[in-house]
Amino acid sequence: MLIALAVMALLAAVIGTVLGYAAIKFKVEGNPLVERIDAILPQTQCGQCGFPGCRPYAEAIAHGEAEINRCPPGGEEGIHRLADLLGVEFKPFGEDQAQPKPKSVAVIDEPLCIGCTLCIQACPVDAIVGAAKQMHVIIADQCTGCELCVPPCPVECIRMEPIALGVNNWKWDYPVAEITRIPHGKAAS
Amino acid sequence: MKRILHTFHGGIHPPQHKLESTQLPIALAPLPPKLVIPLIQHIGTPAQPLVEPGDLVLKGQVIGQPEGAISAAIHASSSGRVVALEPHAIPHPSGIPQLAVVIEVDGDDRWVEHSPLDYRTAERGELLSRLKAAGVVGLGGAVFPSHVKLDPQQYKLQTLILNGAECEPWISSDDMLMRERAADIVKGIDILRYLLGPQEIIVGIEDNKPEAIAALRSASQGCGIEVAAIPTIYPGGGERQLIKVLTGKEVPVGVRPFNVGVVCTNIATAYSIHRAVNLGEPVISRIVTVTGNVRQPRNFEALVGTPLHHLIALAGGVLPDTKRYLMGGPMMGVPLPSLDVPLVKASNCILALSEQLQAPPPPALPCIRCTRCADACPMDLGPFELYWFACGKNFGKAQEYDLFDCIECACCDYVCPSHIPLVHYFRFAKSEIWAREKEKEAADAARQRHEFRQLRLEREKAEKMAKHAKAAGTAPSDSDAKKAAIQAALERAKAKKAAVVPKNVENLPPQAQHEIDQIEARRAAPHNAEIPNDTDSATSN
């Protein structure tokens, strides 16, 4: 009886020590789920989901406060990936919500620009270069196409241009067997 | 000493069809009336146009400047007038028109001023910049800029391999080049030897080209160049396959050949290096095989930018049952949308095909897992497994099974009894994965920029607050302290107001004292005292 108790106590002590050490050593800071959701989101920071940026939306999803179908730039594929990650059902975009659009970049009509810096302040990724009373320019490579710079412009000189298909962003299509008509008579043979 | 040759896994023996186009010597294609020179003829960033419509250009003049680290210069192939700078159809599987310079040739074929470079006295960097300026790219098909590939600072080189295998059926441009211009190729190899300092140089040529082997052997006598005849098996001219056959070295996954001390270059590239350095001529022409369903198949030395219908006409035109055209061979060639596209640096062959020469594959049937594709794969992959993953868009799994090792040689397509377009599936999967990786990179960059912006905004806010606090003279640590500060300021102001003492009021004359008294009395009772108009008109209103 005493030996049994001693063994159990010893086991408890050893396992407790190991677990206690692991809890300190392998402590995870923050919610790792937020990181993984954030990694799937397209980082346009456009706010179409109703949250001020991708990370707040990721946090809302992680806490179960937001649906997974609120991110139009991520497209249906983004919803599929979020559904896979979270183990929930795929949910299409609601009809009353913002719909996915072709990827585009903002373009400033430079002769019209008055240099008011309002768009620079609106850009979430600092993709607009310029200074007060100087012409502004959008760095196309950095532009996420969030459209946040379009409404603040007082002279409406910013427009969104869809990214043209070129040799560098062209993709091979999924192989599809062509349906061909078999000449009459051959089918029977 | 005879070199011990090795073998690689798989490979196939398709019908050769080389004899058709090797009966006649290389012919110089006459000047076409119009040249269309695309600004992207290489892997990497398109060149930046340097000319505008209306400009007069000379033969060999730079019309496209290299842009970025991986890019190559583009030159005018003949003298004439630039008539347009517009998107034009190019030989690319997408069929998307690309920016091209259209030149109306004047027929004079006047050269721009150019001079040879003595590579023996030149710095290596000077030699590389000459290659860059001359637009030298790998002419084996990948068109990778040579000045990047041959940068000797990157590696310690043991073996330099010159690729003269030309394993794909129908094509004979390298074969004819070696037969007729072996001496010039050897001069190009000498430049490569100087540039790279390899311990050994081997030229690998498939043994179905005895004339080329003999020509190169006699031209390279006593030069320390070994010409090795390798067995004819497709794709023996693949870079990794050739390295395996000649050296026995297997280039590991995700590693470039130079990491195992080998550099492999096409013999046509060596020839254009000779032209660029010893003659000062940029890459403005190449040898191209025009063969297949044409009346007189042969090889032409044609200017870059020559419309392909011009070359087809030189080969006697096509036979009436021609169905389609390929740029390259039947295994890896790019289908051409029309013959209006120009000859580019990558065009080693123009192949006209009829249904009799190569019937279109019958509709694909389901995979029966016979694994013949795995037996034929020269990269030791399992194409049937990759096919399942690409078919189901399971790209992560496809990458796990080394999809990116696939060289798209189409051996698996060739042997598949179900006629599944396997390579098409692999290309689809590869381009999807690339697109995703690009998106991921863009997203990561955007996240970083967004986070940095937020950090900056917060920092600016904090700095502003600190500045205001400093101006107020107190630290606004919390709202109570702030209130207290405001209260104190108010009291200070009150005390100051109360403490205001009128100045210069001593020793006043009695009249002035009387006036002051009157004013004081009015101020004390402003509303119940009637102000006489005549005495104080200035203050009334």
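Computed from a predicted structure; not experimentally measured.

Is there a simple way to explain the sheet that holds strand β14 (residues 298–303) of chain B in this structure?
Through backbone hydrogen bonds, the strands of a sheet pair up, either in parallel or in antiparallel fashion. All names here are of chain B. Strands sit in the order β1-β14-β13-β17-β15-β16 across an open sheet of 6 strands; the sheet is mixed. Two strands lie at the open edges of the sheet, namely β1 (27–28) and β16 (334–335), each paired on one side alone. In terms of strand pairing, strand β15 (residues 322–327) meets β16 through 2 bridges, oriented antiparallel. Along β16, the bridge assignment pairs Met327 with Val334.

How should the side chain of Ser94 of chain B be read in this particular structure?
Mapped onto the elements of the fold, Ser94 of chain B is located in the loop between β7 (80–88) and β8 (98–105). In this structure the side chain of Ser94 of chain B is engaged in a polar contact, spanning 3.1 Å, whose partner is the backbone nitrogen of Ile96 of chain B. The contact partners of Ser94 of chain B, leaving out residues within four places of it in the chain, are Val167 and Trp170 of chain A.

How should the pairing of strand β10 (residues 200–206) of chain B be read in this particular structure?
For a regular strand, the rule is simple: side chains alternate between the two faces of the sheet. Residues and elements named next belong to chain B. Burial analysis of β10 places 6 of its 7 residues in the buried class, the great majority of the element. In this structure, β10 lies alongside strand β11 (residues 225–230), joined through 6 bridges in parallel fashion. Pairing of Ile202 across the sheet is with Glu226, part of β11. Note that the unit made of β10, helix α5 (residues 210–219) and β11 has a crossover that is right-handed.

Can you walk me through the sheet that holds strand β5 (residues 62–65) of chain B in this structure?
All names here are of chain B. As summarised here, the arrangement of the 3 strands in space is β3-β5-β6, forming an open sheet in which the pairing is antiparallel. Two strands lie at the open edges of the sheet, namely β3 (48–49) and β6 (74–75), each paired on one side alone. Of the pairings in the sheet, the one linking β3 to β5 comprises 2 bridges and is antiparallel in character. The residue of β5 that forms the bridge with Gln48 is Gln65.

It is not clear to me how the packing of aromatic side chains should be interpreted in this structure. Could you clarify?
The way to describe two aromatic rings as a pair is by their centre distance and the angle between their planes. One pass over the structure, following the stated rule, counts 10 aromatic pairs over all chains. The interplanar angle of 55° and the centroid separation of 5.2 Å between the aromatic rings of Trp170 of chain A and Trp172 of chain A together place this pair among those described as tilted. Using a relative accessible area of 18% as the deciding quantity, one classes Trp170 of chain A as buried. A ring pair is formed by Tyr387 of chain B and Tyr425 of chain B, whose centres lie 5.0 Å apart and whose planes are at 80°; its orientation type is edge-to-face. In this pair, Tyr387 of chain B sits in helix α10 (residues 383–391) while Tyr425 of chain B sits in helix α13 (residues 422–472), placing the two residues 38 residues apart along the sequence. Tyr425 of chain B shares its class with Tyr387 of chain B; the two are buried. Grouped by ring-pair contacts, the aromatic residues Tyr174 of chain A together with Tyr387, Trp388, Phe395, Tyr425 and Phe428 of chain B constitute a single cluster. The ring centre of Tyr174 of chain A lies 5.1 Å from the NZ or CZ of Lys393 of chain B, which sits over that ring.

I keep staring at the interface of chain B and chain A and nothing clicks. Help me out?
Many descriptions give the size of an interface as the accessible area lost when the pieces come together. On the side of chain A, 28 residues touch chain B, which itself brings 27 residues to the contact. Regarding the contact of chain B and chain A, the summed buried area is about 2,600 Å², with carbon and sulfur atoms giving 56% of it. Among the residues of chain B in contact with chain A, Arg447, Arg449 and Arg453 of chain B are the three that bury the most area, contributing 22% of the side total. Here chain B is connected to chain A by 5 salt bridges. A salt bridge links Glu77 of chain A to Arg436 of chain B; the nearest nitrogen and oxygen atoms lie 3.2 Å apart. Connecting chain B to chain A are 14 residue pairs in polar contact (both at pLDDT 80 or more). The set of elements that each furnish at least two residues to the side of chain B that touches chain A consists of α10 and α13 of chain B. By residue number, the principal contributor to the side of chain B that touches chain A is α13 of chain B, which donates 17 residues. Looking at side-chain class alone, the side of chain B that touches chain A contains 11 nonpolar, 6 polar and 10 charged residues.

Help me understand a nonpolar patch on the surface in this model?
Among the surface-exposed residues, Ile3, Val7, Met8, Leu10, Leu11, Val14, Ile15, Val18 and Leu19 of chain A lie close enough to one another that they form a single nonpolar patch of about 910 Å² accessible area. Tracing the backbone through its elements, the reader meets Val18 of chain A in helix α1 (residues 2–25).

Whenever I open this one, unusual backbone geometry confuses me. Can you help?
Trans is the prevailing form of peptide bonds, just as negative phi is the prevailing case for residues other than glycine. Omega for the peptide link from Tyr234 of chain B to Pro235 of chain B comes to -5°, which places this bond in the cis form. As for its placement among the helices and strands, Pro235 of chain B is situated in the loop between β11 and α6 (239–247). At Gln45 of chain A, a position not held by glycine, the phi torsion is positive, near 55°. Mapping Gln45 of chain A onto the fold places it in the loop between α2 (32–40) and α3 (54–62). On the basis of relative accessibility, which here comes to 5%, the residue Gln45 of chain A falls in the buried class.

Parameters at a glance
Residues numbered from 1 in each chain as written. Chains lettered and ligands numbered in written order. Predicted model: local features only at pLDDT ≥ 70, side-chain atom pairs only at ≥ 80, totals over all residues. Heavy atoms only, no water. Pairing = 2+ DSSP bridges. Helix = DSSP H or I, 4+ residues; strand = E, 2+ residues; numbered from the N terminus. Polar contact = N/O pair within 3.5 Å; in protein donor to acceptor, adjacent residues only side chain to side chain. Contact = heavy atoms within 4.5 Å. Buried < 20%, exposed > 50% of the residue type's maximum accessible area, 1.4 Å probe, protein only. Right-handed = clockwise from strand over helix to strand, strands pointing away. Phe/Tyr/Trp six-rings, centres within 6.5 Å; stacked < 30°, edge-to-face > 60°. Lys NZ or Arg CZ within 6 Å of the ring centre and 35° of its normal. Buried area = accessible area lost by both parts, 1.4 Å probe. Salt bridge = Lys/Arg side-chain N within 4 Å of Asp/Glu carboxyl O. Nonpolar A, V, L, I, M, F, W, Y, C, P; charged D, E, K, R; others polar. Patch = residues over 30% accessible without salt bridge, like charges linked within 9 Å, V, L, I, M, F, W, Y side chains within 5 Å. Areas by Shrake-Rupley, 256 points an atom, 1.4 Å probe, with all protein chains shown as cover.

In short, shape yes, function no, at least from these values alone.
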